[in-house]
Amino acid sequence: MSLRRRLGSLFKSQSELDLTDGSIPRSLFFLSFPIVITNLLQVGYNLADTFWLGRYSTAALAAISLGFPLVYLFISLGLGLTVAGSVLVAQHTGADQPEQAEYAASQTVVFTLLAGLVLGTLGFQFVAELLGVFGAEPAVLTLATDYMEVISLGLPFLFGFTVFIALMRGAGDTVTPMLVMFGTVVLNVALDPLLIFGVGPLPELGVEGAAIATVFARGSAMVVGLWLMFRGAHGIQIHLRQMIPDLAYSKKLLRIGVPASVENTGRAISVNAVLVIVTLFSTPVVAAFGVGIRVFSMIFMPAIAIDRGVEAMTGQNIGAGRQDRVVATNRFAAKTSFLLLSVLGVVTFLFAPEIIRVFDDSPAVVAEGATFLRWIAPTFGFVGVLRAYSGGFRGAGKTLTAAAIAVLLFGFIRLPIAHVASQGLVPIDGWFFAAPNPTGIWFAFAVSGIVAAVVAAGWFERGGWRGGDLTERSAAEADAESDPDPTEEPTAVSDD
């Protein structure tokens, strides 16, 4: 078999996958594997910035380490809408309601773009104040502000591509977003060194150059994604006539999306809050934390992909009334994610210094970054379990449950432990508790991951995922489906 055929056998189009019947391992693999590639490519944006800025200066690297959690926060605030759209599309697809799926997708796109515009404007106005909370060194703070101002203006583009990925995934197509992402990552990687260092007539822009490259590349991806959805040849189709904001339908999107935003925002706020504690230590510790978080994100791509795959499969099976497959899918995903992430944890533990050195070879950064990775590596499998079940809750329409678990993990476990354990507040005169020590922060990451996994698994097995069918139609929705004139403006869909 040729290499091309071997590679082709790893991917299946939407028409070749039936998520509501057949082998669960097969469906989850072919749905999730392209998401792994897509997410690895998406992390490529951040890794390219980290790689080139690490060679530009340590201050520049610390600046994007400071800015990255804020980027995550902005995106998380709008991510709830994309999750709502993905879940609605998945459930309507499973219930064989294509008109409802297309209306959900069209409304999700317009509200997500509006959210990106509003958040981008607010972010640009207040980014300096938000970053000032971290109390970083003035030089680092200035560079981080320059970086985040550009990113803030580009939020509509970032949101636009994110919603494209989510809606296509809900419909069962994860290959098309992967191909689009590949092209834009190549563009970003090519632009990064040109804009950061300045080549020929291009000026040396440093951290601003990295931000411009990211925004331009993701903007290009958004344009391609919207074009594909308007054509409707792959995954889901959207219609311009259905993109007039429907305030009644927005209630449904917000009811599903707000808890999803809380879940993702909880993660983002946690990283930002932990960063406040991290900045109490030296700049090398801040840089080590930034590199460690990026490595952490890259390693967790398989778990996140399984999470998103479970979300889509659960949604479609809920719509199809296949609750037996919902349980089987989530259990299989949790076991698979635990084993896969545990293996990656062993590799990370053994080669932690070498991994950190790829991004920053400063001895202090390598030492602290390796310590961080070695504390959290043994718990990777548990975080994989957490992500698998979280995807199941979301796909079942129980976004509030997933949010509650995230708040428990980040707000009530990780953050308090990180503060107390790293600041010498534990009444133990020994180990790293004896005096302020960043090891206490790494310890908090390990403990919180284990506890949250146990809670998520127990909650699911008690039936906490049931009762989330979103495909029940109102009279207005039924009228919209039966309208024989495709050129007529659709009846507003109501969730009342």
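Being a predicted model, the structure only gives us computed values, none of them experimental.

So, how was this worked out
- Residues numbered from 1 in each chain as written.
- Predicted model: local features only at pLDDT ≥ 70, side-chain atom pairs only at ≥ 80, totals over all residues.
- Heavy atoms only, no water.
- Helix = DSSP H or I, 4+ residues; strand = E, 2+ residues; numbered from the N terminus.
- Rg over C-alpha atoms; globule rule 2.2 N^0.38 Å.
- Buried < 20%, exposed > 50% of the residue type's maximum accessible area, 1.4 Å probe, protein only.
- Contact = heavy atoms within 4.5 Å.
- Areas by Shrake-Rupley, 256 points an atom, 1.4 Å probe, with all protein chains shown as cover.
- Polar contact = N/O pair within 3.5 Å; in protein donor to acceptor, adjacent residues only side chain to side chain.
- Core = buried A, V, L, I, M, F, W, Y, C linked by side-chain atoms within 4.5 Å.
- Phe/Tyr/Trp six-rings, centres within 6.5 Å; stacked < 30°, edge-to-face > 60°.
- Lys NZ or Arg CZ within 6 Å of the ring centre and 35° of its normal.
- Axes fitted to C-alpha atoms, helices over the stretch in contact; angles between N-to-C directions.
- Parallel < 35°, antiparallel > 145°, perpendicular 65-115°, else oblique.
- pLDDT = per-residue confidence, 0-100.
- Salt bridge = Lys/Arg side-chain N within 4 Å of Asp/Glu carboxyl O.
- Expected span 1.5 Å × (residues − 1).
- Bend = angle between axes of the 7 residues up to and from the residue.
- Left-handed = near helix turned anticlockwise from the far one by under 90°.
- Nonpolar A, V, L, I, M, F, W, Y, C, P; charged D, E, K, R; others polar.
- Patch = residues over 30% accessible without salt bridge, like charges linked within 9 Å, V, L, I, M, F, W, Y side chains within 5 Å.

## Quick word on the overall build of the protein
- Within the protein one finds 18 helices and zero strands.
- In terms of overall dimensions, the protein is globule-like: its C-alpha atoms have a radius of gyration of 22 Å, near the 23 Å expected for 496 residues.
- Principal axes of the C-alpha set define a box for the protein whose edges measure 70 × 55 × 55 Å.
- A buried classification covers 57% of the 496 residues belonging to the protein.
- Excluding contacts between residues fewer than 6 apart, the proportion of contacts in the protein whose partners are at least 24 apart in sequence is 79%.
- Summing over all exposed atoms, the protein offers an accessible surface of approximately 19,200 Å²; the carbon and sulfur share of this is 67%.

## Regarding the side chain of Thr82
- As for its position among the elements, Thr82 is in helix H3 (residues 58–94).
- You can call Thr82 buried: its relative accessible area is 3%.
- Separated by 2.7 Å, the side chain of Thr82 and the backbone oxygen of Leu79 make a polar contact.
- Excluding its chain neighbours within four sequence positions, the residues that come into contact with Thr82 are Thr108, Thr112, Thr162, Val163 and Ala166.

## Observations regarding the nonpolar core
- Among the nonpolar cores identified, the biggest contains 112 residues, and Tyr147, Met148, Met229, Ile236, Phe289 and Ile441 are the most heavily contacted of them.
- No other element matches H3, which puts 18 residues into this core.
- When residues no more than four places from it in sequence are discounted, the contact partners of Tyr147 are Asp49, Ile64, Val71, Val207, Ala210 and Ala211.
- Within the second largest apolar cluster, 31 residues are counted, among which are Val310, Ala396, Ala406 and Ala453.

## Topic: the packing of aromatic side chains
- Tallying each qualifying case throughout the model produces 21 aromatic pairs.
- Ring centres of Trp375 and Phe443 lie 5.8 Å apart, and the angle between their planes is 90°; this geometry places the pair in the edge-to-face category. Placement of the pair is Trp375 in helix H14 (residues 363–376) and Phe443 in helix H17 (residues 439–461), with a sequence separation of 68 residues.
- Note on Tyr389 and Phe460: the rings are 5.0 Å apart at their centroids and 35° apart in plane angle, and the pair reads as tilted. Remark: Phe460 occurs in helix H17 and Tyr389 occurs in helix H15 (residues 380–395); sequence separation between them is 71 residues.
- Pairwise contacts between aromatic rings join Phe289, Phe296, Phe300, Phe372, Phe380, Trp442 and Phe445 into one cluster.
- Against the face of Phe51 rests Arg55, its NZ or CZ located 3.9 Å from the ring centre.
- Of note, Arg414 hangs over the ring of Phe445, and the distance from its end group to the ring centre comes to 4.1 Å.

## Remarks on the packing of helix H6 (residues 155–170) against helix H7 (residues 175–198)
- Running from N to C, H6 and H7 point in directions that differ by 155°, and their axes come no closer than 8 Å. Between H6 and H7, the angle falls in the class roughly antiparallel. Across the interface between the two elements, Phe161, Phe164, Ile165 and Met168 from H6 touch Thr176, Pro177, Val180 and Met181 from H7.

## Re the environment of Ile299
- The residue Ile299 is located in helix H10 (residues 283–299) in this model.
- In this structure, the C-alpha to C-alpha distance between Ile299 and Val43, residues 256 residues apart in sequence, is 10.0 Å.
- Those residues in contact with Ile299, other than ones at most four positions away along the chain, are Leu341, Leu344, Thr348 and Phe380.

## A closer look at the confidence of the model for the protein
- When pLDDT is averaged across the protein, the result is 84; 91% of the residues are at 70 or more.
- The weakest mean pLDDT in the protein belongs to helix H18 (residues 475–482) at 41; the strongest belongs to helix H12 (residues 323–350) at 94.
- Confidence over residues 473–496 falls short of pLDDT 50; this stretch has 38 contacts with residues more than four positions distant or in other chains.

## Section: the pattern of salt bridges
- Tallied over the full model, the rule gives eight salt bridges.
- Salt-bridge contacts for Arg394 lead to Glu311; the nearest nitrogen and oxygen are separated by 2.5 Å. In this pair, Arg394 sits in helix H15 while Glu311 sits in helix H11 (residues 301–319), placing the two residues 83 residues apart along the sequence.
- Arg394 sits in the buried class, given a relative accessible area of 1%.
- Sharing partners across several salt bridges, the network here consists of Arg169, Glu263, Asp307, Arg308, Glu311, Arg387 and Arg394.

## Some words on helix H16 (residues 399–422)
- For H16, built from 24 residues, the straight-helix expectation of 34 Å at 1.5 Å per residue is met to within 8% by its first-to-last C-alpha distance of 33 Å.
- Remark: the principal bend of H16, roughly 30°, maps to Arg414, with a proline, Pro416, within the next four residues.
- Positive phi appears at Gly424, one or two residues downstream of H16, with a value of about 70°.

## Points about the packing of H3 against H6
- Two elements in contact, H3 and H6, have axes separated by 8 Å at closest approach and are oriented at 25°. By the angle between their axes, H3 is roughly parallel relative to H6. The two elements H3 and H6 meet at a crossing, and its hand is right-handed. Contacts between H3 and H6 involve Phe74, Ile75, Gly78, Leu79, Thr82, Gly85, Ser86, Val89, Ala90 and Thr93 from the first element and Leu155, Leu158, Phe159, Thr162, Val163, Ala166, Leu167, Arg169 and Gly170 from the second.
- For the contact of H3 with H6, the class distribution of residues is eleven nonpolar, seven polar and one charged.

## A short note on a nonpolar patch on the surface
- A cluster of nonpolar side chains, Val343, Val346, Val347, Phe349, Leu350 and Phe351, forms an exposed patch at the surface whose accessible area comes to about 550 Å².
- Mapped onto the elements of the fold, Phe349 is located in helix H12.

## Details of the environment of Gly266
- Summarising the element assignment, Gly266 is placed in helix H9 (residues 247–278).
- Distance in space between the C-alpha atoms of Gly266 and Ser76 is 8.5 Å, their sequence separation being 190 residues.

## Examining the environment of Thr162
- Turning to its location among the elements, Thr162 is positioned in helix H6.
- Residue class for Thr162 comes out buried when judged on its relative accessible area of 17%.
- If sequence neighbours within four positions are ignored, Thr162 has contacts with Leu79 and Thr82.
- Within the local environment of Thr162, its side chain forms a polar contact with the backbone oxygen of Leu158, the two atoms lying 2.8 Å apart.

## Re helix H5 (residues 138–153)
- Compared with an ideal rise of 1.5 Å per residue, which puts 16 residues at 22 Å, H5 spans 23 Å between its outermost C-alpha atoms and is within 8% of the ideal.
- The complete set of buried residues in H5 reads Val140, Ala144, Thr145, Tyr147, Met148, Val150, Ile151 and Ser152.

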